[in-house]
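Geometric and topological summary
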Amino acid sequence: MKLLHVLSLRLSVIKVVVFAFWAALFYFAVIDEINDEVDDSLEDHAETLIRRHLAGERLPSASNDTNNQYYLHEVPAAYADSRSHIRYEDSEVYIRQKNEFEPARTISYIFSDDDGRFFELMVYTPTIDKDDLKAAVAWWILALYAAMVLCTVAVNIVTLRRFMRPLQALLAWLGAYRIGGRNRPMPPQTDIDEFRQLGEAMERSFRRSEQAYEQQKLFTANASHEMQTPLAVIQSRLEMLLDDGGLTERQMGDVVKTLHTLQAMARTNRSLLLLCKIDNGQFTNARPVSMEAVIGRLLADIQAVYAHKRIAVTTSADGDMTLTMDPSLASTLASNLLKNAFVHTCSGGSIAIGITPGAVTIANTGHDGPLDARRIFERFYHSPQKASSTGLGLAIVKAICRLYGLGIAYSFEDGRHVFTLTPTDGQKA
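Predicted model, so just to flag it, every value in this text is computed and none were measured.

Cut-offs and rules
Residues numbered from 1 in each chain as written. Predicted model: local features only at pLDDT ≥ 70, side-chain atom pairs only at ≥ 80, totals over all residues. Heavy atoms only, no water. Helix = DSSP H or I, 4+ residues; strand = E, 2+ residues; numbered from the N terminus. Buried < 20%, exposed > 50% of the residue type's maximum accessible area, 1.4 Å probe, protein only. Contact = heavy atoms within 4.5 Å. Areas by Shrake-Rupley, 256 points an atom, 1.4 Å probe, with all protein chains shown as cover. Axes fitted to C-alpha atoms, helices over the stretch in contact; angles between N-to-C directions. Parallel < 35°, antiparallel > 145°, perpendicular 65-115°, else oblique. Left-handed = near helix turned anticlockwise from the far one by under 90°. Patch = residues over 30% accessible without salt bridge, like charges linked within 9 Å, V, L, I, M, F, W, Y side chains within 5 Å. Salt bridge = Lys/Arg side-chain N within 4 Å of Asp/Glu carboxyl O. Phe/Tyr/Trp six-rings, centres within 6.5 Å; stacked < 30°, edge-to-face > 60°. Lys NZ or Arg CZ within 6 Å of the ring centre and 35° of its normal.

Here we take up the overall build of the protein. Across its full length, the protein carries eight helices and eleven strands. Residues classed as buried in the protein amount to 33% of the 429 residues present. Sequence separation of at least 24 residues holds for 68% of the intrachain contacts in the protein that already meet a minimum separation of 6. Accessible surface computed for the protein: about 26,200 Å², of which carbon and sulfur atoms make up 56%.

Given below as structure tokens:
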């Protein structure tokens, strides 16, 4: 869930609790205030009646046009002792003028005269219907709450969305950032301290990563480039020794083995140098390339090299895949995939090549089971059966695909190793 939604939800929940508490507090405050005013009036009226009764004066009518009523009667001493002498209660009183019961507030006094007789005076006065008041307060509170929640949520969303723009811009920049790539500048600084500190920390971190990446690329490129000349010189001298003819058969065998090892080192060095150039973005001659034409041109040469393995090759083309990329890298991409298929196909096996506008598949028979799909594109990884491999062919394929946004996937289906090359939407013709 997005941070904006989480904050809005939690703020809304807090508002629900606060408004519910405030509504209950408001209701009881209103009721207490009403009861207090009514009780003061009842006390004054009751005390007046008691004084007149004790003074022997004539009491007013128990019911009058104001709906105020009272009831005075003598009670036993035991009753007086078992009751509180002043009581306030909510009850109902019958109004003869309206011929109905209405809510009333009641005060009860128990007092005694000079003869020791106890009397109970109950004074009633009509009051508001608290159930109706409760319902009215509840409805108005709900209406007010709904309006306030809608307004505050809208304000929160607009405000938070505005305040979150620097963070969203920073996250978008971070998601698009690629070390060593052509990245957009970091979004402008914001007035929010936390976002500004986050941006500064990210900028420092990426600056260190870029420096380490550049140093690593420079070291690898320099090392590979500087090794090319010595390797070529050593290889040339070994070949001259073989041509000299003054070596014994054993010495010639050792020289041949050394020459093979040297050639493997040279291939590894050239592959590393190519990887450095790809990572450095040194291939800028991008133009539309027909993968059907590239594969067709390479296939004849590769078949001639591996003719001794008697591999049956079938090609089916249902359209062509046209990619915008450097032609030399397109040739390297197709060549490495084809060589990988020929190397890992046993003698008498078969390779099936399928070309469509949406995918290029190269499937070869294999008897060793599936490869480790999580590691086959790692540098210097090779299957145990091909320990002599440099382990860089598929790593170069992956680097080229990453450079141009292509997809490369491996699967093992019906005893076949299948590599599938797919273009992105921007690469599709």
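Moving on, we get to the packing of helix H6 (residues 291–305) against helix H7 (residues 327–343). Orientation of H6 relative to H7, taken along the N-to-C sense of each, is 45°, at an axis distance of 9 Å. By the angle between their directions, the pair H6 and H7 is classed as oblique. The crossing of H6 and H7 is right-handed. Counting all contacts with H6, which are made through Met-291, Val-294, Ile-295, Leu-298, Leu-299, Ile-302 and Gln-303, the residues of H7 involved are Ala-330, Ser-331, Ala-334, Ser-335, Leu-338, Lys-339 and Phe-342.

Nonpolar side chains collect at one region of the surface, where Leu-9, Val-13, Val-16 and Val-17 lie side by side and expose about 340 Å² of accessible area between them. As for its placement among the helices and strands, Leu-9 is situated in helix H1 (residues 3–54).

A word on the packing of aromatic side chains. Following the criterion strictly, the structure yields four aromatic pairs and no others. For the ring pair Phe-111 and Phe-119, a centre distance of 5.8 Å and an interplane angle of 25° mean the geometry is stacked. Its relative accessible area of 10% is what places Phe-111 among the buried residues. Aromatic side chains Tyr-306 and Phe-342 sit 5.5 Å apart centroid to centroid with 20° between the ring planes, which places their arrangement in the stacked category. Of this pair, Tyr-306 sits in the loop between H6 and strand E6 (312–317) while Phe-342 sits in helix H7, placing them 36 residues apart in sequence. Each member of the pair, Tyr-306 together with Phe-342, is buried. A cation over an aromatic ring shows up here: Lys-398 above the ring of Phe-377, its NZ or CZ 5.6 Å from the ring centre.

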